[in-house]
Amino acid sequence: MDARELELQLKSILAGSGYTITSLVKQLNEKGIITTVQNVSNKLKRGSLNYLEVVDMLKAIGYDIEWVKRK
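Residues numbered from 1 in each chain as written. Predicted model: local features only at pLDDT ≥ 70, side-chain atom pairs only at ≥ 80, totals over all residues. Heavy atoms only, no water.

**Regarding the overall build of the protein chain**
Definition in use: Labels follow the DSSP assignment, with helices taken as runs of H or I lasting at least four residues and strands as runs of E lasting at least two, numbered in each case from the N terminus. The globule rule used here is 2.2 Å times the number of residues to the 0.38 power, and the radius of gyration it is set against is calculated over C-alpha atoms. Summary of the burial criterion: residues with accessible area below 20% of their type's maximum are buried, those above 50% are exposed, and those between are partly exposed, where the area comes from a 1.4 Å probe applied to protein chains only. Whether two residues touch is decided by their heavy atoms; if any such pair falls within 4.5 Å, the residues are in contact. Only the protein chains shown count as covering a residue, and every accessible area follows the Shrake-Rupley method with a 1.4 Å probe. Under the counting rule used here, the positive set is Lys and Arg, the negative set is Asp and Glu, and His together with the chain ends is not counted. Every charge is mapped to an atom, namely NZ of Lys, CZ of Arg, CG of Asp or CD of Glu.
In terms of regular secondary structure, the protein chain is built from 4 helices and 0 strands. Starting at the N terminus and ending at the C terminus, the protein chain contains elements arranged as α-α-α-α. In terms of C-alpha radius of gyration, the protein chain reaches 12 Å, essentially the compact-globule figure of 11 Å for 71 residues. Classification of the 71 residues of the protein chain by burial places 25% in the buried group. Partitioning the contacts of the protein chain with sequence separation of at least 6, the portion at a separation of at least 24 is 50%. For the protein chain, the exposed area adds up to about 5,200 Å²; of that, 53% sits on carbon and sulfur atoms. Charge separation in the protein chain, taken as the distance between the mean sites of 11 positive and 8 negative side-chain charges, equals 1 Å.

Below, the structure written as structure tokens:
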């Protein structure tokens, strides 16, 4: 997966869950993870999100990451 694919997948999950980047940032800030819309947007565009940031974002909107062994 490249940076663009990750950006599109996260935005799709957000939209499908009724969230925007702004509302995601609000959720993160409420959970003590201080960030800004600009910071999240830039990291999505550059592909510089780390795994823990993605986990935190998904948790904030009610998702978990599941690891599944490939067949």
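The discussion continues.
**A short note on a nonpolar patch on the surface**
What counts, and what does not: Every patch collects residues that have over 30% relative accessible area and no salt bridge, joining them within 9 Å if they carry like charges and within 5 Å if they are nonpolar side chains (Val, Leu, Ile, Met, Phe, Trp, Tyr). A pair is scored as a salt bridge if a Lys or Arg side-chain nitrogen falls within 4 Å of a carboxyl oxygen belonging to Asp or Glu.
Nonpolar side chains collect at one region of the surface, where Tyr51, Leu52, Ile65 and Trp67 lie side by side and expose about 500 Å² of accessible area between them. Mapped onto the elements, Trp67 comes out in the segment after helix 4 (51-60).

**Remarks on the packing of helix 2 (residues 21-30) against helix 3 (residues 37-46)**
Stated formally: All axes here are fitted lines through C-alpha atoms, helices being fitted over the stretch that makes contact, and every angle between N-to-C directions spans 0 to 180 degrees. Take the far helix as the reference: if the near one is turned anticlockwise from it by less than a right angle, the crossing is left-handed, and if turned clockwise, right-handed. For this classification, the nonpolar set comprises Ala, Val, Leu, Ile, Met, Phe, Trp, Tyr, Cys and Pro, the charged set comprises Asp, Glu, Lys and Arg, and every other residue, Gly included, is treated as polar.
One can describe the packing of helix 2 onto helix 3 by two numbers: an axis separation of 9 Å at closest approach and a directional angle of 115 degrees. In the packing of helix 2 onto helix 3, the handedness of the crossing is right-handed. Within the contact between the two elements, helix 2 uses Ile21, Thr22 and Val25 and helix 3 uses Val37, Val40, Ser41 and Leu44. Of the residues belonging to the contact of helix 2 with helix 3, the class tally is 5 nonpolar, 2 polar and no charged.

**Looking at the confidence of the model for the protein chain**
Our working definition: The predictor's confidence in any single residue is recorded as pLDDT, a number from 0 to 100.
Looking at the protein chain, pLDDT values average 94 and 100% of them are 70 or higher. Predicted confidence in the protein chain is weakest over helix 1 (residues 3-16), with a mean pLDDT of 92, and strongest over helix 2, with 96.

**Describing the environment of Val55**
Tracing the backbone shows Val55 in helix 4. The exposure class assigned to Val55 is buried, which follows from its relative accessible area of 16%. C-alpha separation for the pair Val55 and Ile65, spaced 10 residues apart in sequence, amounts to 7.0 Å.

**Side note on helix 4**
Buried within helix 4 are the following residues: Val54, Val55, Met57, Leu58 and Ala60. Residues of helix 4 that are buried in the fold lie against helix 1, helix 2 and helix 3. Looking one or two places after helix 4, you find Gly62, whose phi comes out positive at around 90 degrees.

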